[in-house]
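Survey of secondary and tertiary structure
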Amino acid sequence: MPDGLMSGPSKPLVLVVEDEAALATMLRYNLEKQGFRVEEAADGQEALTRIAETQPDLVLLDWMLPAMSGLEVCRQIRRRPSTKDLPVIMVTARTEDQDAVRGLNTGADDYITKPFSTEALIARMRALLRRSGAMPAKGALAFHDISMDLATHRVLRNGRPLHLGPTEFRLLEFFLQHPRRVFTREELLDAVWGREIHVEPRTVDVHIRRLRKAINSEGELDLIRTVRAAGYAIDTEPV
Ligand code: CA
């Protein structure tokens, strides 16, 4: 049982909306192994019915569904007062940023691109479930003058609130879990993005730049250490 957090009747319920039966079965298997309860729906209409019937804690919503698209399902979830705050992760096979942005604009809380690792999916699910209170908080992470509250998703540096995008948040969370350890771009891709084959290592550099910008104010110590030809770490020693 991971983290020893989920057991008994408090196991979060996840609705997997996926029309590819093999993928739905694989997701159910992996999620149940990780301590989640799983319901399935093979199309959008069934998804909305299952949501009303079972009141899941989170919806894993495939983008490409027959008849009603994942986007439309997401819109309807947001439109209904009883489900407007229901955490939704959009699953997409597309890689265009434009699509991801459209997905988030319709109210998805996060998205993940096929193919993804179970590890990456679970990390996103846990983050959302902690935020919605459906899962116990893991507490807080801290390094130097940065603190991250995993329950509220608040990140502070020296008492100043930091505003991070979802990827930068996960990146920082991962660094905070392994202070001073140097990770290669490939290791960061695996841990934070989850082996998305379309993501190139230089994407890591882009998000590292954004993370730096978000956490370092003028005159403050740059806490992200760049190790030439090796990768990145969170560290108070710049070289
Ligand atoms: Ca599909």
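Attention in this report is confined to the structure presented alongside it. Being a predicted model, the structure only gives us computed values, none of them experimental.

Reading guide: rules and limits
Residues numbered from 1 in each chain as written. Predicted model: local features only at pLDDT ≥ 70, side-chain atom pairs only at ≥ 80, totals over all residues. Heavy atoms only, no water. Pairing = 2+ DSSP bridges. Helix = DSSP H or I, 4+ residues; strand = E, 2+ residues; numbered from the N terminus. Axes fitted to C-alpha atoms, helices over the stretch in contact; angles between N-to-C directions. Core = buried A, V, L, I, M, F, W, Y, C linked by side-chain atoms within 4.5 Å. Buried < 20%, exposed > 50% of the residue type's maximum accessible area, 1.4 Å probe, protein only. Contact = heavy atoms within 4.5 Å. Parallel < 35°, antiparallel > 145°, perpendicular 65-115°, else oblique. Left-handed = near helix turned anticlockwise from the far one by under 90°. Nonpolar A, V, L, I, M, F, W, Y, C, P; charged D, E, K, R; others polar. Donors = N, O, S within 2.8 Å, 3.2 Å for Na, K, Ca; no water. Phe/Tyr/Trp six-rings, centres within 6.5 Å; stacked < 30°, edge-to-face > 60°. Salt bridge = Lys/Arg side-chain N within 4 Å of Asp/Glu carboxyl O.

Here the focus is the sheet that holds strand E1 (residues 13–17). Spatial strand order, E2-E1-E3-E4-E5: five strands in an open sheet with parallel pairing. Of all strands in the sheet, those bounded by a partner on one side alone are strand E2 (37–41) and strand E5 (110–113). On average, adjacent strands in this sheet sit at an angle of 20° to one another, irrespective of strand direction. Sheet analysis places strand E3 (residues 58–62) next to strand E4 (residues 88–92), joined by four bridges and oriented parallel.

Below, the discussion takes up the nonpolar core. Counting residues in each nonpolar core, the largest one holds 27 residues, and the members touching the most others are Met-148, Leu-171, Leu-172, Phe-175, Leu-176, Leu-188 and Ile-215. Contributing elements (two or more residues each) for this core: strand E6 (140–143), strand E7 (146–149), helix H6 (166–177), helix H7 (185–193), helix H8 (201–215) and strand E11 (231–234). With six residues, the single largest contributor to this core is H6. Sequence-distant contacts of Met-148, that is, excluding residues within four places in its chain, are made with Gly-139, Ala-140, Leu-141, Arg-154, Val-155, Phe-169, Leu-172, Glu-173 and Leu-176.

At a closest axis distance of 10 Å, the pairing of H6 and H7 adopts a crossing angle of 115°. One way to sum up the angle between H6 and H7 is to call them roughly perpendicular. The hand of the H6/H7 crossing is right-handed. Between H6, through Thr-167, Arg-170, Leu-171, Phe-174 and Phe-175, and H7, the contact on the second element is made entirely by Leu-188, Ala-191, Val-192 and Trp-193. A per-class count over the contact of H6 with H7 returns seven nonpolar, one polar and one charged.

Next up on the list: the coordination of the calcium ion. Summarising the metal site, the calcium ion is bound by the protein donors Asp-19 (OD), Asp-62 (OD) and Met-64 (O), whose distances to it range over 2.1 to 2.3 Å. Positions of the donor residues of the calcium ion along the chain correspond to the pattern D-x42-D-x1-M. Here Asp-62 lies in strand E3 and Asp-19 lies in the loop between E1 and helix H1 (21–33), a separation of 43 residues in the sequence.

The tally for this structure, following the rule as stated, stands at one aromatic pair. Centre to centre, the rings of Phe-174 and Phe-183 are 4.7 Å apart; their planes meet at 55°, and the pair counts as tilted. A relative accessible area of 15% means that Phe-174 is categorised as buried. According to the relative accessible area criterion, Phe-183 is buried, its value standing at 3%.

Reading across from one edge, E6-E7-E8-E9 is the order of the four strands in this open sheet, with antiparallel pairing throughout. Whereas interior strands pair on both sides, the edge strands pair on one side only; in this sheet they are E6 and strand E9 (160–162). The mean inter-strand angle of the sheet, taken between neighbouring strand axes irrespective of direction, is 25°. Note: strand E8 (residues 154–157) against E9, three bridges, orientation antiparallel. Note that in E9 the partner of Val-155 across the bridge is Leu-162. Relative to E7, H6 is tilted by about 110°, and along the sheet it contacts E6, E7 and E8.

Under the criterion given, the structure shown has 21 salt bridges. When the shortest N-O distance is used, the salt bridge between Glu-39 and Arg-50 registers 2.3 Å. Here Glu-39, found in strand E2, pairs with Arg-50, found in helix H2 (residues 44–54); they are 11 residues apart in sequence, far enough to count as distant. For Glu-39, a relative accessible area of 21% puts it in the partly exposed group. A single network of salt bridges, built from pairs that share partners, joins Glu-18, Glu-20, Asp-62 and Lys-114.

Interpretation note: all reported values are geometric properties and have no functional meaning in isolation.
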